[in-house]
Amino acid sequence: MRVAVELLDDEGLEGLSTRAVADRLGVRMNTVLWHVKTKARMLELMADAVTGEVSLDGLPEDPGQRVREIGRRLRAAALAHRDGAALIVGTYPAEPNTLRLSETLISACVDAGSSDRDAAWTAWTLIYFVLGLTQEEQAAPGPEENRLSAAVETGDYPMLRRVLPHLGVGAFDERFEFGLDNILGHLRR
C-alpha cells in the first residue's frame, strides 16, 4: 500500500492501476493481484492507509472539540495526498484504520450528549462534508484560472455575482471552519 500511495501522489488517481503498482515494485501484475485481488480492493486498502494517517493521539478532552479536531485531521490527511479525498470518497472500506477513526468520532459525539442515532449521523455528515470540500479543494483550478468567476460574470446570475467574493478558491479554510460550526452546532446544546 505504501508504494500504491506513492504512485497516487506522483500520478493521481488517473495514473493508478495494479499494473502501475507492479511496475513500480518491479514485479508481475499477478503478484499484486494475488495480494489485493482487484483494483477496487486495492483502492479500499489505500483509502484505509490514508485514513490511518489521521492521528487519534492527543485529542482534546472536550468531546465537541475532539470531533472538530478529528475533522481537521482527516482533512489534513486527505490533503497530504494528490487526489486523497477522491480516493477515500470512492471507496467504502470496513478496514481497521477507517473503523478506528469512526469509532473515535462517534464516541466523541456520544460523549457530547448525542443519541446513538444522532452520533452516527453527525459522524457521517461530518465525514461527507470533510471529504467533499477537500475533494473540491484538490480539484480547484489555480487562482489564475477562475472559471467560476468568468462563468458568473458572463451570465444572468445576480445572486451568484453578489456572493462570488465568498466562493473563491482561497476561502477553503474559512469555508471548512464555517461548515464545522454548522454541522457541529448542535453539540453545544
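The model shown is predicted, which means the values in this text are computed figures rather than measured ones. (Residues numbered from 1 in each chain as written. Predicted model: local features only at pLDDT ≥ 70, side-chain atom pairs only at ≥ 80, totals over all residues. Heavy atoms only, no water.)

Trainee: How should I be thinking about the environment of R117 in this particular structure?
Mentor: Looking at the element boundaries, R117 is found in helix α8 (residues 116-139). On the accessibility criterion, R117 (48% relative accessible area) is partly exposed. (Helix = DSSP H or I, 4+ residues; strand = E, 2+ residues; numbered from the N terminus. Buried < 20%, exposed > 50% of the residue type's maximum accessible area, 1.4 Å probe, protein only.)

Trainee: I keep staring at α8 and nothing clicks. Help me out?
Mentor: Residue pairs three or four apart in sequence face the same way in an α-helix, which turns once every 3.6 residues. In this model α8 runs 35 Å from its N-terminal to its C-terminal C-alpha over 24 residues, within 8% of the 34 Å that 1.5 Å per residue would give. Turning to α8, its buried residues number three or more, namely A119, T122, A123, L126, I127, F129, V130, L131, L133 and T134. On its buried face, α8 sits against α5 (63-79), α6 (84-89), α7 (96-111) and α11 (172-184). (Expected span 1.5 Å × (residues − 1). Contact = heavy atoms within 4.5 Å.)

Trainee: Quick question: what am I supposed to make of unusual backbone geometry here?
Mentor: The phi angle of most residues is negative, glycine excepted, and most peptide bonds adopt the trans form. Its identity as a non-glycine residue notwithstanding, K37 has a phi of 70°, on the positive side. Position of K37 relative to the elements: it lies in the loop between α3 (29-36) and α4 (39-51). Positive phi outside glycine occurs at D83, with the angle close to 60°. Take D83: it is sitting in the loop between α5 and α6.

Trainee: Hey, could you run me through a nonpolar patch on the surface in this one?
Mentor: Together, L148, Y157, L160 and L167 make up a nonpolar patch on the protein surface, roughly 330 Å² of accessible area in all. The exposure class of L160 is partly exposed, given its relative accessible area of 36%. (Patch = residues over 30% accessible without salt bridge, like charges linked within 9 Å, V, L, I, M, F, W, Y side chains within 5 Å. Areas by Shrake-Rupley, 256 points an atom, 1.4 Å probe, with all protein chains shown as cover. Salt bridge = Lys/Arg side-chain N within 4 Å of Asp/Glu carboxyl O.)

Trainee: Teacher, can you tell me more about the pattern of salt bridges here?
Mentor: Where charged atoms from two side chains of opposite charge come close, those side chains can pair. Under the definition given, this model contains 14 salt bridges. Between R41 and E44 there is a salt bridge; the shortest N-O distance is 3.1 Å. One end of the pair, R41, and the other, E44, are both in helix α4, 3 residues apart, so they sit about a helical turn from each other. In this structure, the salt-bridge partner of D181 is R68, at a minimum N-O distance of 3.0 Å. Here D181 is found in helix α11, whereas its partner R68 is found in helix α5, with 113 residues between them in sequence.

Trainee: Quick question: what am I supposed to make of the packing of aromatic side chains here?
Mentor: In this description, an aromatic ring pair is defined by two values, namely the gap between the centres and the angle between the planes. Going through the model one piece at a time under the given rule, you end up with 1 aromatic pair. Taken together, a centroid distance of 5.7 Å and an interplanar angle of 15° make the contact between F129 and F176 stacked. In this pair, F129 is assigned in helix α8 and F176 in helix α11, connecting sequence segments 47 residues apart. Each member of the pair, F129 together with F176, is buried. If you follow R75 out to its NZ or CZ, it ends over the ring of F176, 4.7 Å from the centre. (Phe/Tyr/Trp six-rings, centres within 6.5 Å; stacked < 30°, edge-to-face > 60°. Lys NZ or Arg CZ within 6 Å of the ring centre and 35° of its normal.)

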